[in-house]
Amino acid sequence: MTGPPLEPSDRAYDPRADREWRHVPEDSGVSHREPIGLRERLSLNRTGTFDWDLDEGFMNLDPGALEVFDLRPDEYDGAPMSLVARVPPEEGLRLDEALSQALQDGHSSYGAYFRVQCRDGTQRWTHSQGRILHDADGKPYRIIGIVREATGELADSALLRSLQQERQRQTVMVQQTTAALARALSVGDVTRVLTGSGGARRFGADGLVLGLVENDRFKVIATAGLEGEVPDDMMTSRLDDTLPLADAARSRRSIFLGSRGELIARYPRLRPYTGVLPAGSAAFLPLVAQDTVIGALGLFNAEPAVQSPEARNLALALAGVVAQSVQRATLFDQEREFATGLQATMLPRRLPPLTGGAVTVRYHPASVGRDIGGDWYDVIALPQGRTGLVVGDVQGHDTHAAAVMGQLRIALRAYASEGHSPETVLVRASRFLAELDTERFATCTYVQADLESGALHLARAGHLGPLISNSSRHIDWPEIRGGLPLGLATHFGRDHFPETQLFLEPGSTLLLCTDGLVEQPGRDISAGIDALSAAVRAGPADLEALADRLSAHLWADPGSEDDMALLLLHRLPGPGGATTPRLRLHVHQADPSGAAEVRSALRRTLDQWRAGAVMHNIEVAASELIANALTHTESGALVSMELLAGTPRRIRLEVEDRSSRWPRRRSPGETATSGRGLMLVEALADEWGAEPRGAGKALWCEFAVPDTSDLAH
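Residues numbered from 1 in each chain as written. Predicted model: local features only at pLDDT ≥ 70, side-chain atom pairs only at ≥ 80, totals over all residues. Heavy atoms only, no water.

## Brief notes about the overall build of the protein chain
Convention followed: Numbered from the N terminus, helices here are DSSP runs of H or I no shorter than four residues, and strands are runs of E no shorter than two. Throughout, exposure labels follow a simple rule: accessible area from a 1.4 Å probe, protein chains only, divided by the maximum for the residue type, with under 20% read as buried, over 50% as exposed, and the rest as partly exposed. Residue contacts are counted whenever heavy atoms from the two residues lie within 4.5 Å of one another.
From N to C terminus, the protein chain includes 18 helices and 27 strands. Out of the 713 residues belonging to the protein chain, those deemed buried represent 45%. Partitioning the intrachain contacts of the protein chain with sequence separation of at least 6 by distance along the chain shows that 61% fall at a separation of at least 24.

The following block contains the structure:
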């Protein structure tokens, strides 16, 4: 389908109509109304033609072309090489390369930009474009083309490139600022982005000041790049026109000033603080989000300047990004304050008094995110003067995790208060969590402590085990068998949490914590455990001071992304001064494999005591005595080991059971498979014997510890 034929228009077009134009005397030499030929038309536009006979090697230049090359007719003889006087060698090579490439590729035209050296020494850009003619055999024989001055054209292109580069720079600034602020959750995060490394440069400024509107007053919350501190009386001000930031927030208008002098002239109140203000230009931008002024941003430069429209638009765009980030961060802080208040009500407000010991706790929310999580602690008064100690962690870092934590903590406290064993408490807590309408699980360690005797009964559900530091600052991480996390254990039908018995000697400290104290992103947890051991070993003796030190050095300094709960229990030393280093462990009758765990604990303790060559003998003797107790009695075995003072030092090992049946030393034959236990003990120990203990008995043996200087010798 075709449209109607075009008709000539009867409407005249005059480019001078309705426009301002200036009278200019004509210097082209063309008479008024004189007809202008083709060559004159080209010459008026600084364009000439050439005709190059390749076979004869002659190039004809018309007057317009000679003018482009700044040549007089008598200065050109028709030979292309005579143009070398005006075309520098490097420019001639560029032109020759373009022509050679066209001939090589068989193209029918070519074009190139090159510079011409004028007779006055200046250079001008020139463009040459030619049509290559070929004969019947396809051989090029003639080039006809034009040359024209292109300086103005390339100048316009350079300006365009400059504008494009400036737009690209502005785009990068907006992208960098947006990306940095996108990760800022709280108002504190926003201020860290603005005042951190490169913060002001993201805005194309040398310094900045950020303030917020609070209850009809203006408060400065962040500064960067200024010569000194903002004076105290400038940190908070009324919303009036005496200070630039408050004025911008009050009027909702941006303020652009070219120099410090203009700034002080407009705001005389700043005159006493000239030394703090940069000497250059400044911009004060209101921060408006959802039609509400929430603050103002001040940008300062070291050099005076008049901001271009592009620079002003960029500043306004960045102010919009900051306003959105501050508003989002403010809402986040309000939500976090509500969440942390909710979580605080779920943790115990006071701890029960202890007889014979002291306990302290620390809890810190995560340093990033919503500052809320599922970590908790509890200290529970139990029947018969015992104390329940709980540290746990519900999966997740949100209000749901905190809500589940609150319910689980109350349930576990109720089960513990009824006097159930640690295993029963965790089994019931796991079933309670599995019945809740949640997919979250929880890890937990529960300790039932009797400070009078020092007995600790522990059960662990997928959680970090305890640390014990004795009065000599020897650190031990006893091996505590455990079950799956609460909730998961019930889901998989494996809600069994083996109970382990330890003894807390007088002067010793028990530490329970969540993984937020020992685990950092990108670092193996074993490194955190080693760091915690070293911190406890070198920490202060006072329990409160130790808790503060661990919180500050292991959690606060690295800026943990996880929350943290810490509980310290200290058993006070009894009368009589220093206590004897001692280890006490229990092996259940129904769990013979527990003997391996006891041997491992004995090995670690003997290494701390520097037992040297007798370490192996003690381990073998312990294995034999434990095996006798589990095999020949109907009770478990209570294993005790203590380091006796004196010269030489001695280590005493005792294995106690509840059988009144006295041990009998046998003389097995060569083919007997048993009966050699007491013979080994007698052969390895310096002394051994048996003595009654209440309803049972204890077998003991002692070993002299070699002096370390003798070993070295």
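## Topic: unusual backbone geometry
In this structure, the amide linkage connecting Thr-647 to the following residue, Pro-648, adopts the cis form with an omega of -5°. As for its placement among the helices and strands, Pro-648 is situated in the loop between β24 (637-644) and β25 (650-657). Despite not being glycine, Asp-70 shows a phi value in the positive range, around 55°. Take Asp-70: it is sitting in the loop between α2 (63-68) and α3 (89-105). Positive phi, close to 50°, is recorded for Gln-290, a residue that is not glycine. Tracing the backbone shows Gln-290 in the loop between β10 (282-289) and β11 (292-300).

## Remarks on the pairing of strand β22 (residues 564-571)
We apply this condition: Only when DSSP finds a minimum of two bridges between them are two strands counted as paired.
When you tally the buried positions in β22, you get 8 out of 8 residues, the bulk of the element. Residues Met-564, Leu-566, Leu-568 and His-570 point to one face of β22 and Ala-565, Leu-567, Leu-569 and Arg-571 to the other, with burial holding for every one of them. Pairing between strand β12 (residues 357-364) and β22: 8 bridges, direction antiparallel. Paired with His-364 across the bridge in β22 is Met-564. Here strand β21 (residues 509-513) runs beside β22; their pairing, made up of 5 bridges, is antiparallel. Across the sheet, residue Thr-509 finds its bridge partner in β22, namely His-570.

## Details of the packing of aromatic side chains
Our working definition: Any two of the Phe, Tyr and Trp rings considered here, Trp counted by its six-membered ring, make a pair once their centres fall within 6.5 Å; the pair's planes then place it as stacked at under 30 degrees, edge-to-face at over 60, or tilted in between.
Enumeration according to the criterion identifies 2 aromatic pairs in this entry. Seen from their ring centres, Phe-69 and Phe-114 are 6.3 Å apart, and the 25° between their planes marks the pair as stacked. One end of the pair, Phe-69, is in the loop between α2 and α3; the other, Phe-114, is in strand β3 (residues 109-117), with 45 residues separating them in the sequence. For Phe-114, a relative accessible area of 0% corresponds to the buried category. For the pair Phe-284 and Phe-300, a centre-to-centre distance of 5.6 Å together with 80° between the ring planes defines the contact as edge-to-face. In this pair, Phe-284 sits in strand β10 while Phe-300 sits in strand β11, placing the two residues 16 residues apart along the sequence. For Phe-300, a relative accessible area of 6% gives the class buried.

## A word on the packing of helix α10 (residues 399-417) against helix α11 (residues 422-435)
Rules: Inter-axis angles, ranging from 0 to 180 degrees, are taken between N-to-C directions of lines fitted to C-alpha atoms, where helices are fitted over the stretch in contact. Each crossing gets its handedness from the near helix: less than a right angle anticlockwise from the far helix is left-handed, clockwise is right-handed. When residues are sorted by character, Ala, Val, Leu, Ile, Met, Phe, Trp, Tyr, Cys and Pro go into the nonpolar class, Asp, Glu, Lys and Arg into the charged class, and all the rest, Gly among them, into the polar class.
Packing of α10 against α11 brings their axes to within 9 Å, and their N-to-C directions diverge by 145°. The handedness of the crossing between α10 and α11 is right-handed. Contacts from Val-404, Gln-407, Leu-408, Ala-411, Leu-412, Tyr-415 and Ala-416 in α10 reach Val-425, Leu-426, Arg-428, Ala-429, Phe-432 and Leu-433 in α11. Partitioned by chemical class, the residues of the contact of α10 with α11 number 11 nonpolar, 1 polar and 1 charged.

## Regarding the side chain of Asp-378
Heads up, the rule is: We call two N or O atoms a polar contact when they sit within 3.5 Å, provided that within protein one can donate a hydrogen and the other can accept it, with sequence-adjacent residues counted only if both atoms are side-chain atoms.
Topologically, Asp-378 is positioned in strand β13 (residues 374-381). The exposure class assigned to Asp-378 is buried, which follows from its relative accessible area of 1%. Within the structure, the side chain of Asp-378 is placed 3.2 Å from the side chain of Arg-409, a separation counted as a polar contact. Those residues in contact with Asp-378, other than ones at most four positions away along the chain, are Pro-348, Gly-388, Leu-389, Val-390, Arg-409, Arg-413 and Leu-567.

So, to be careful, I would describe these as geometric facts and stop short of saying anything about function.
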